[in-house]
Structure formats: structure tokens, C-alpha cells
Amino acid sequence: MAGLHELLCNNCGLEFKGFDPLRKLKRTPVKRSKSGTNQRRLPRYKVHLPATISLVERNPLTWDVAYTHRSRGHCETISQVGMALSFVGSRFAEEKLTTPGCSLFVTVTLPEGAISAVVSIVYWNRLGSKGRSGWLVGTTISQTSDADAARLGAYIKRRSEKEPYLALD
């Protein structure tokens, strides 16, 4: 067919066939300058804080909320909008943790006091061997009280004054 040529995506370099009868489209990907190392909305800080984690289960008919058995874990990184948690997942079924939109009720013990929040899992990774494997989950904070949000904000502010944030790609 006239005008059907192999083209090149300007963003990723993928080859595809497209209609360009006058051959005006170039076959070279766009050169983009490398962006900064931290692409996050807010900086994250590496911490090792004790945490208590429960799975949130919601009844689809009545919208009643129940929390499963608690599991002990650690908060590995923290920011104003989310946290990374590590724990041994013996109390939680894998299919429940890997379901999109899975919610956890988390209590993290900060030096000034504990904060509680409902978080949604956005990333998960299974760590260790099959016999006693743990979880590393990245979460975003869905719901917390105003007092806990203020306590977390004050903790983050003090951390930012003491040390630079954790720059991850």
C-alpha cells in the first residue's frame, strides 16, 4: 500500500507500521535530557520503626469493616503520603495481599508517639525463601486522623532538618 511505512516511536524507540505518504516522520527517537534522581512527589526517608499491620476486610453488602489478626513488622521508608513496610506474611494469604486495592491498617511507632493509618498497597515483593518468606510492600496513605497526620508531618519536618532525604530511582 502506498504510504504505509515502518515508523519509530519518539518516546520508547519501538518500531511499528503507520501511514506516512509523504515520509515527513523521522525514524530517530527524541533525545530527552535525564531528569533528576528523585521522581517522587515528596521526599522519602529511610527509617526502621516498629509497626503493627492488619489486613482490612470489608463486607461488600453492608460495608462493615473488620481487621484481621495483627502482624508485627517494620516501617522501612516513610514520607508524607506513604510508607514501605516489611513483615513476615504468615498471617495473611498471598492472594489477599496481591489483590489490587488491598488495604492495611497500620500503626507505626514514631519516637513522639504512635500513628495509625489505613494504607493501600501499590507495590509488593516477596522476600526470602518459601519456608519463611516475608513481604516488602509499598503503600500510599488512604486515611488517617488529623492528629496523626500532624504528628507525621512534624516527624518528617524534623527528619528533613537533620538529614537529606532518600533519593531512589
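Just so it is clear, the structure is predicted and the values come from calculations on it, not from any experiment. (Residues numbered from 1 in each chain as written. Predicted model: local features only at pLDDT ≥ 70, side-chain atom pairs only at ≥ 80, totals over all residues. Heavy atoms only, no water.)

Trainee: I'd like a description of the side chain of S71, backed by residues and values.
Mentor: Following the sequence through the fold, S71 ends up in strand β5 (residues 71-78). What makes S71 buried here is its relative accessible area of 6%. Side-chain polar atoms of S71 contact the backbone oxygen of V88, separated by 3.4 Å. Excluding residues that lie within four positions of it along the chain, S71 makes contacts with A51, T52, I53, F87, V88, R91 and F92. (Helix = DSSP H or I, 4+ residues; strand = E, 2+ residues; numbered from the N terminus. Buried < 20%, exposed > 50% of the residue type's maximum accessible area, 1.4 Å probe, protein only. Polar contact = N/O pair within 3.5 Å; in protein donor to acceptor, adjacent residues only side chain to side chain. Contact = heavy atoms within 4.5 Å.)

Trainee: Give a description of the confidence of the model for the protein chain that names residues and reports values.
Mentor: In low-pLDDT segments, the atomic positions of the prediction should not be examined closely. With 80% of its residues at a pLDDT of at least 70, the protein chain reaches an overall mean of 81. Between the elements of the protein chain, mean pLDDT differs from a low of 74, seen in strand β1 (residues 4-8), to a high of 94, seen in strand β7 (residues 103-110). (pLDDT = per-residue confidence, 0-100.)

Trainee: For the nonpolar core, give the residues involved together with the corresponding values.
Mentor: General note: in soluble globular proteins, nonpolar side chains tend to be found buried as a group. Counting 27 residues, the largest nonpolar core has I78, L85, L97, L104, V106 and V108 as its most contacted members. When residues of this core are traced back to their parent elements, those giving at least two are β3 (45-58), β5, β6 (82-88), β7, β8 (113-127), β9 (134-144) and α2 (146-162). Counting residues per element, this core draws most heavily on β3, at six residues. Beyond its immediate chain neighbours, meaning those up to four positions away, V108 contacts L49, P50, A51, C75, M83, G113, A114 and I115. (Core = buried A, V, L, I, M, F, W, Y, C linked by side-chain atoms within 4.5 Å.)

Trainee: Describe the pairing of β9, and please don't skip the residues or the numbers.
Mentor: Sheet topology places β6 next to β9; seven bridges connect them, and they run antiparallel. By the bridge assignment for β9, A84 is matched with G138. (Pairing = 2+ DSSP bridges.)

Trainee: Which residues make up the environment of L55, and what values go with them?
Mentor: Tracing the backbone shows L55 in strand β3. Spatially, the C-alpha atom of L55 lies 9.2 Å from that of R91, the residues being 36 residues apart in sequence. If near-sequence neighbours (up to four positions away) are discounted, L55 is found in contact with A66, Y67, T68, F92, K96, L97, C102, S103 and L104.

Trainee: Can you lay out the pairing of β7 for me, pointing to particular residues and giving the numbers?
Mentor: Among the eight residues in β7, six count as buried, and that is most of the element. Strand direction decides the pairing type here: β3 and β7, joined by five bridges, are antiparallel. Paired with L55 across the bridge in β7 is L104. With eight bridges connecting them, β7 and β8 associate as antiparallel partners.

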